[in-house]
Each structure stands twice: as structure tokens, then as C-alpha cells.
Amino acid sequence: MKDETWSNPELAWALRSYITDSGRLLMVVLDDQGCIEDANVHFRARFAGFSRVSGEPLAHFLLSQSGDSLMIESGFPQNTPVAHILNSVGGGEFYVFHAYPMGERTLMIGELPEAAENDIIERMGHLAREMSRLVRDLRKTNRELAEANELNQRLARADGLTGIANRRYFMERLRTSITHARSRQHKLSLLMIDLDHFKKVNDRFGHAGGDAVLLAFAALLQGRSRAGDLPGRLGGEEFAVYLFDANLPTAIEVAERLRIQIAELRPLDADYRVTASFGVTELIAGDSSESLLQRADDLLYRAKTEGRNRVIAAPA
């Protein structure tokens, strides 16, 4: 085990939990001056009548076996913590402590010997191995929690059916992208898309058929989007894509290509053709995310009322 393994908060937590559960081990944390920062109940009960010991020098309670000034060394010679045999100030008892480096501090774990020296060394070796196991288990748990948290965050951002951005996340990203576009003097365009006659799909093929259409269309949007773009499902059969660093003519070209590619989809059977209507606009001075979205939605409404399966675009 390397020093840095023992110098992290994970180990401190694991050690304290293990020592608290043991009920017989003494624990004390020393600062770089040899003063006590923390001690467990067992240490305070034995040496201070349960009184607080924080700030007290360790030498007020324990002495080196030789009687010299108390010098605590911590380290890992041959992969083991440094052992210290210390006498109580009142005399009559001696303790075996193992010192672990923890950054600027030293963690000392000890016990009153009640067996032969070999047994004490064996128990301390077992403690070191147990600490390593605790740290490994804790790190595994932390990784699993981090992975679960990341998954939950992804699920919170994604539409439950299609897996692309949901409305809430799409609007958050759109607001951020508008800010970036303005600060960097980039263009930004928005496509609003609505699948035509979608109710008829559900009536003819059922909701499973409707889901198949939505999944196929979302996959098309995802596959045709660049790294800086974001497709999202705003609700039902309504979708949107913002195109970062794309002006209105570019956005119109993208929309027309998508309109043609949508018509080539056959998610249900060879006779059913998917079509969609588009409203396309570009970010202009004074726009907010809401006004940009509203303008694209108005253009989409025009595309629907003027016959569907078409792209209607306007800068303002």
C-alpha cells in the first residue's frame, strides 16, 4: 500500500468506522506538532475520563518506552505502518500503536497488549489487511454510486421513449447556446418539426406503431446532427433541433434534407410513408430562447396550414 492510499478521506472514513465498530481499539489523530486533533471514545475513556482531548499534546497521556521525548514516526517500510510501543504517563501499562500517514496528519491506532508480542503483531497485520479491504470496498461502492448518479442525470435529461433531449434539457441547452453564440459572434438557427397526421398512425397501427415512428424519426435526427447541434423531443410528435454556428440558408438546407429523408423511412410497413412539417428561423438581435422558439413554432403552424410536408422559414 502506498502512502497516498492512506491520505484520502475514503480511508479516514473506513478506518473510523472500523475502529468504532471494534469497541477495543484506540484511535487518535495528531497534527504535525504532535497535538491531538481527534480521538475516539475508547481513547478518551482510558486516558481522560471521557473529557475532550483536542489540542492536547499526545505526550500528556503517553510516553515513549525509553522515556525519551515522544517522537511519532509514520510511514510504510515493507508495506506496513510504523509500530510504536508507548507507556501511559501514570505508568503500569504499555500500548502498541501503529502510525498511518494521512497528509499533514498522523492516524494512530493502538491497543493494550493482552497476549504475546507475536499475537499483537499478527492482529495489527490483520488490521492493516482489513483496512485495505475496507478501502477497496468503499471505492467500489463510490464508483457504483457515481455511475448510478451519472445514469440518473442522463435519464433526467433524456426523453423517456426516444432517448434524445427532453423539453426541459433542450431549453436549458438552447439558452446556454444563445449566450455562447452572442458572446462569440456565431450564428444559431432553430428547426421546429411536427410529424404530419400522427393521430392516424396511432389509429391505424396502435400506440406501439406510433412509438416505432417516433423512435425512427428521433434516430434520424440524432444521426444527422453535428456535435454542436442538439435534437430534442418537445412533446408528442413535436421535435426541435438547434444548429450552432449555422445561418438561415444552411438551416433551410438541413431542413429540406431531413424532410426528404423522413419520407424514405419505413418504420411500419412498405405502404406507410412518414412526412413532417418544418418551421425554420435564425437567432436575431433581442431574441430570447422563448421568442426564438415561438417564431419557429409560428412558422411550423404555417407549414401545417399550407399543406404539410414542407419547410417554411423566415428570419423574423
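Okay, so let's go over this structure. This one's a predicted model, so the numbers in the text were calculated from it and none came from an experiment.

The rules behind these values
- Residues numbered from 1 in each chain as written.
- Predicted model: local features only at pLDDT ≥ 70, side-chain atom pairs only at ≥ 80, totals over all residues.
- Heavy atoms only, no water.
- Buried < 20%, exposed > 50% of the residue type's maximum accessible area, 1.4 Å probe, protein only.
- Helix = DSSP H or I, 4+ residues; strand = E, 2+ residues; numbered from the N terminus.
- Pairing = 2+ DSSP bridges.
- Axes fitted to C-alpha atoms, helices over the stretch in contact; angles between N-to-C directions.
- Contact = heavy atoms within 4.5 Å.
- Parallel < 35°, antiparallel > 145°, perpendicular 65-115°, else oblique.
- Left-handed = near helix turned anticlockwise from the far one by under 90°.
- Nonpolar A, V, L, I, M, F, W, Y, C, P; charged D, E, K, R; others polar.

### Overview of the pairing of strand 10 (residues 276-282)
In terms of residue burial, strand 10 counts as a mostly covered element, since seven of its seven residues are buried. Relative to strand 10, strand 7 (residues 188-195) is paired through seven bridges, and the arrangement is antiparallel. Note on strand 10: the bridge partner recorded for leucine 191 is valine 280. Bridge analysis of strand 10 against strand 11 (residues 311-313) gives three bridges, and the strand direction is parallel.

### Regarding the sheet that holds strand 6 (residues 105-111)
Spatially, the six strands line up as an open sheet ordered 2-1-6-5-4-3, and their pairing is antiparallel. Each edge of the sheet is formed by a strand with only one pairing partner; in this case those strands are strand 2 (36-39) and strand 3 (62-64). Across the sheet, the axes of successive neighbouring strands diverge by a mean angle of 35 degrees, strand direction being ignored. Both strand 1 (residues 26-30) and strand 6 contribute to a ladder of five bridges, which runs antiparallel. When the sheet's bridge partners are listed, leucine 30 is paired in strand 6 with threonine 106. Running at roughly 95 degrees to strand 1, helix 2 (residues 41-48) makes contact with strand 1, strand 2, strand 3, strand 4 (82-88) and strand 5 (94-102) of the sheet.

### Points about unusual backbone geometry
Look at glutamine 185: it is not a glycine, yet its phi comes out positive at around 60 degrees. Along the chain, glutamine 185 turns up in the loop between helix 4 (167-184) and strand 7. Exposure remark for glutamine 185: the relative accessible area of 74% places this residue in the exposed category. Of note in this structure, aspartate 245 is not a glycine but carries a positive phi near 60 degrees. Its location among the elements puts aspartate 245 in the loop between strand 9 (238-244) and helix 6 (248-263).

### Some thoughts on the packing of helix 5 (residues 198-224) against helix 6
A pair of packed helices is captured by two measures, namely the crossing angle of their axes and the spacing between those axes. Between helix 5 and helix 6, the least distance of the axes is 11 Å, while the angle of their chain directions is 140 degrees. One way to sum up the angle between helix 5 and helix 6 is to call them oblique. Regarding helix 5 and helix 6, the two cross each other, and that crossing is right-handed. Contacts between helix 5 and helix 6 pair Phe217, Leu220, Leu221 and Arg224 from the former with Leu258, Gln261 and Ile262 from the latter. Grouping the constituent residues of the contact of helix 5 with helix 6 by class yields five nonpolar, one polar and one charged.

Coordinates in, geometry out; function isn't part of it.
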